[in-house]
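Below, each chain spelled out in residue letters.
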Amino acid sequence: AKKTLAECAETKAAAEGDLEATSKDLKTDIEAQASLHHECMTKAQDFEAETKSRGEELTALATAKQVIQESTGGAEKASYSFLQTARSTAASGHFAILGVVRTLAQKHNSPALAQLAQRMGAVMRSSADPFEKVRGLITDMIAKLEEEAEKDATKKAYCDKELKES
């Protein structure tokens, strides 16, 4: 009877050890399942949000495409060419003025006029109403030249005064 009791106690101890190890494994598995479930739910929500966002983007693109098609009115079916068929007289007038300023810059060997011509050319190529900006550039240039002339006159008057005194 003592032998059976010892065997039963040994079996019971082994079973209790197995139960404890299995309980720990079960607890770890339950925690892993909860974490995995949370991760899966988060990914499912993200997927739904992305799908909804993608649908909204596609709707916006479709609307934009429709607006473009309506506003171009069949322009994609027309054929285009970069061949110039006529010259604008207004544009030729703009560039004629530019030529005059460049010629003056070369004739008088004036870097200020050359810079003005360069700035005028840039404005004429980039502006819808180039004359407005060109007028401003010319006005600024005239003011600058008048200021320089006044400084030169003051300097000359000083030099003349000093020459008379000596």
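See above for the structure.
Computed from a predicted structure; not experimentally measured. Per chain, the residues get numbers from 1 upward, laid out in the order the sequence is written. In keeping with the model being predicted, local features are shown solely for residues with a pLDDT of at least 70 and side-chain atom pairs are shown and tallied solely at 80 or more, while totals for entire chains, interfaces and linings include all residues. Heavy atoms throughout the structure, all of them, feed into the side-chain values; hydrogens and water do not.

Structural notes on the overall build of the chain
No. 1: By definition, any uninterrupted DSSP run of H or I lasting at least four residues is a helix, any uninterrupted run of E lasting at least two residues is a strand, and each is numbered from the N terminus. Along its length, the chain carries 4 helices and 0 strands.
No. 2: Ordering the α and β elements of the chain from the N terminus gives α-α-α-α.
No. 3: Whether a residue is buried, partly exposed or exposed follows from its accessible area with a 1.4 Å probe, protein chains only, as a fraction of its type maximum: under 20%, in between, or over 50%, in that order. Burial statistics for the chain: of 166 residues in total, 10% are counted as buried.
No. 4: Values of accessible area rely on a 1.4 Å probe in the Shrake-Rupley scheme; residue burial ignores everything except the protein chains shown. As presented, the chain carries roughly 14300 Å² of accessible surface, and 58% of it is formed by carbon and sulfur atoms.

A few points about the nonpolar core
No. 1: Take the buried residues of types Ala, Val, Leu, Ile, Met, Phe, Trp, Tyr and Cys, join any two whose side-chain atoms come within 4.5 Å, and each joined set is a nonpolar core. Within the largest apolar cluster, 11 residues are counted, these being Leu98, Val101, Ala105, Leu113, Leu116, Ala117, Met120, Val123, Met124, Leu137 and Met141.
No. 2: Contributing elements (two or more residues each) for this core: helix H2 (89-107), helix H3 (111-126) and helix H4 (130-165).
No. 3: Here this core takes 6 residues from H3, the largest share from any one element.
No. 4: Not counting residues up to four positions away in its chain, the partners in contact with Met141 are Ala112, Leu113 and Leu116. For this analysis, residues touch if any pair of their heavy atoms sits within 4.5 Å.

A short note on the pattern of salt bridges
Any two side chains of opposite charge can pair, so long as their charged atoms come close to each other.
No. 1: A pairing counts as a salt bridge when a side-chain nitrogen of Lys or Arg comes within 4 Å of a carboxyl oxygen of Asp or Glu. One pass over the structure, following the stated rule, counts 3 salt bridges.
No. 2: Notably, a salt bridge pairs Lys24 with Glu20, separated by 3.8 Å at the nearest N-O pair. Of the two residues, Lys24 and Glu20 are both situated in helix H1 (residues 2-72); the distance of 4 residues between them amounts to about one turn of the helix.
No. 3: In this structure Lys24 comes out as exposed when scored by relative accessible area, which is 54%.
No. 4: Among the salt bridges present, the one from Glu147 reaches Lys151, with a minimum N-O distance of 3.6 Å. Here the residue Glu147 and the residue Lys151 both occupy positions in helix H4, the gap between them amounting to 4 residues, near one helical turn.

A closer look at H3
No. 1: Taking 1.5 Å of rise per residue, the 16 residues of H3 would be expected to cover 22 Å, and the 23 Å separating its terminal C-alpha atoms lies within 8% of that figure.
No. 2: By the burial criterion, the buried members of H3 are Leu113, Leu116, Ala117, Met120, Gly121, Val123 and Met124. Projected onto a plane normal to the axis of H3, the buried residues spread over an arc of 165° and lie on a single side. Exposed residues on H3 whose side chains face more than 90 degrees from its buried face are Pro111, Gln118, Arg125 and Ser126. Expected span of a helix: the number of residues minus one, times 1.5 Å. The reported arc concerns the directions from the helix axis to the C-beta atoms and nothing else.

Examining the environment of Gln115
No. 1: Inspection of the secondary structure puts Gln115 in helix H3.
No. 2: Overall, Gln115 belongs to the partly exposed group, its relative accessible area being 44%.

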